[in-house]
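# Structural overview for review
Residues per chain are reported as follows:
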Amino acid sequence: MSRGSGKGLSLKDKLDGNELDLSLCDLNEVPVRELAALPKATVLDLSCNNLISLPSDFCSLMHLVKLDLSKNRLQQLPVDFGRLVNLQHLDLLNNRLVTLPVSFAQLKNLKWLDLKDNPLDPVLAKVAGDCLDEKQCKQAAVKVLQHMKAIQSEQDQQRQRKLQAEREMEKKREAEQRAKEALERELRKREKAEEKERRRREYDAQKAAKQEMEKKTKKETVHIRKPASSSRPPQPPRHKPSWSRSVLRVLLFVLFCILCTLAACKLTELQHQPLCVSVNTLYEDVVAALQNHKTLQNMLQHNSHQ
C-alpha cells in the first residue's frame, strides 16, 4: 500500500487474524472500498495518520468492533456514525473534535471511549471526564451515550414540536383559506342575490309601466269611441239667421196685426168706424173670392171626372 491514499498494496498483507493495522501509514483518506472487502477485519487501527475527516461511506463498515482513530486531525465525525452499531471500543484521543454527531447515541454496544486531548464543548468534556484507566474509559462510554441520547431525545422532541407547530400552522392556514373561501362564497352569494333583487325590481317597474301605458291607452280608446256610440241624434249645425227668416218674421208680424185688426173690427164696437168698415168690406170681398175660387175648383174636378 502506498502512502497517502492507502492504495496499491493489498490490505490482506496488513491483516493479522481479525486485526488490521493501518497506523503510521501517513494516510490522508480511508480506503473504505478495500476495508469493506475485508469483513473479517473487525479491529481497525488508523491511528497516527493525517486524517482530517472520514467519508460518509465509512459508516457502512458495520462489521467493526474496535476502532482506533487517535492522533489524527479529525474535526468531525460523519453524521451517520451511529450506523456502526457493533462498535464496542472507540479511541478518539488527540484529535480536533468539538462535538459528536447525534447519531452517536445509537452505538448501543459501545463499552469503551477515549475523548481526551480534544477541544470538546465544555458540557461534553465534563460528561466524558478523563480516560486514565479502564474504569474511567468505560464510564466515559456510558455517560457520553446517555448524554447523546438525551440530546437526541431533545432534538426529537424539538423536531416533533416543530412538526406539530408546522402542522398546526398548516391547519391554521387551511382554516384561514377555508374561511376566506367561505367568505368569498358568501360575498358572491350576496352579490348574486342583490343582482337578482335588482333585476326583479326592474322587471316589476317595467311591468307596472307597461300596465299603466295599457290602461292609459284603453282609456283614450274608450274616450274616442264614446261619442260615436251615443244614442243621441246628431245635432244639426246651427246657422246664422238669414234674410229670408227675417222676412218671414216680418210677414208673420204683419199677419198677426191684420188678424188682430180684423178681430177688433168684427167683435168690438169699433166695427162702425170708417177704418173698420173698410176692413170688414175688404174681408168679405176676400172671402167671396175664395169661395168662388173653391166653386170653380169643384166644377173643374167634376168635369174632369166626367
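Our subject in this report is the structure included herewith. Everything quoted here is computed from the prediction, not taken from an experiment. (Residues numbered from 1 in each chain as written. Predicted model: local features only at pLDDT ≥ 70, side-chain atom pairs only at ≥ 80, totals over all residues. Heavy atoms only, no water.)

### Quick word on the state of the cysteines
- Taken as a whole, this structure holds one disulfide when the rule is applied.
- Each sulfur in the disulfide pair cysteine 131 and cysteine 137 lies 1.4 Å from the other. The sign of the S-S torsion, about 95°, decides the handedness of the disulfide formed by cysteine 131 and cysteine 137: right-handed. Considered together, cysteine 131 and cysteine 137 belong to a single accessibility category, that of buried residues. (Disulfide = S-S within 2.5 Å. Buried < 20%, exposed > 50% of the residue type's maximum accessible area, 1.4 Å probe, protein only.)

### Regarding a nonpolar patch on the surface
- On the surface, Val250, Phe253, Val254, Leu255, Ile258 and Leu259 cluster together to form a nonpolar patch covering roughly 570 Å² of accessible area.
- Note on placement: valine 250 falls in helix α4 (residues 243-267). (Patch = residues over 30% accessible without salt bridge, like charges linked within 9 Å, V, L, I, M, F, W, Y side chains within 5 Å. Areas by Shrake-Rupley, 256 points an atom, 1.4 Å probe, with all protein chains shown as cover. Salt bridge = Lys/Arg side-chain N within 4 Å of Asp/Glu carboxyl O. Helix = DSSP H or I, 4+ residues; strand = E, 2+ residues; numbered from the N terminus.)

### A word on the nonpolar core
- If you look at the biggest cluster of nonpolar residues, it comprises 41 residues, and the most contacted ones within it are Leu46, Phe58, Leu67, Phe81, Leu100 and Phe104.
- Sorting the residues of this core by element identifies α1 (32-36), α2 (122-128) and α3 (134-229) as the ones contributing at least two each.
- Examining the composition of this core, we find that four residues originate from one element, α3, more than from any other.
- When near neighbours in sequence (up to four residues on either side) are disregarded, phenylalanine 81 contacts Leu54, Phe58, Cys59, Leu67, Leu87, Leu90, Pro101, Ser103, Phe104 and Leu107. (Core = buried A, V, L, I, M, F, W, Y, C linked by side-chain atoms within 4.5 Å. Contact = heavy atoms within 4.5 Å.)

### Considering the environment of asparagine 94
- Locating asparagine 94 in the fold gives a position in the loop between β5 (89-91) and β6 (112-114).
- Residue asparagine 94 is classed as partly exposed on the basis of its relative accessible area, which comes to 36%.
- Sequence spacing of asparagine 94 and asparagine 118 is 24 residues, and the spatial spacing of their C-alpha atoms is 5.6 Å.
- The residues contacting asparagine 94, other than those within four sequence positions of it, are Lys71, Asn72, Lys116, Asp117 and Asn118.

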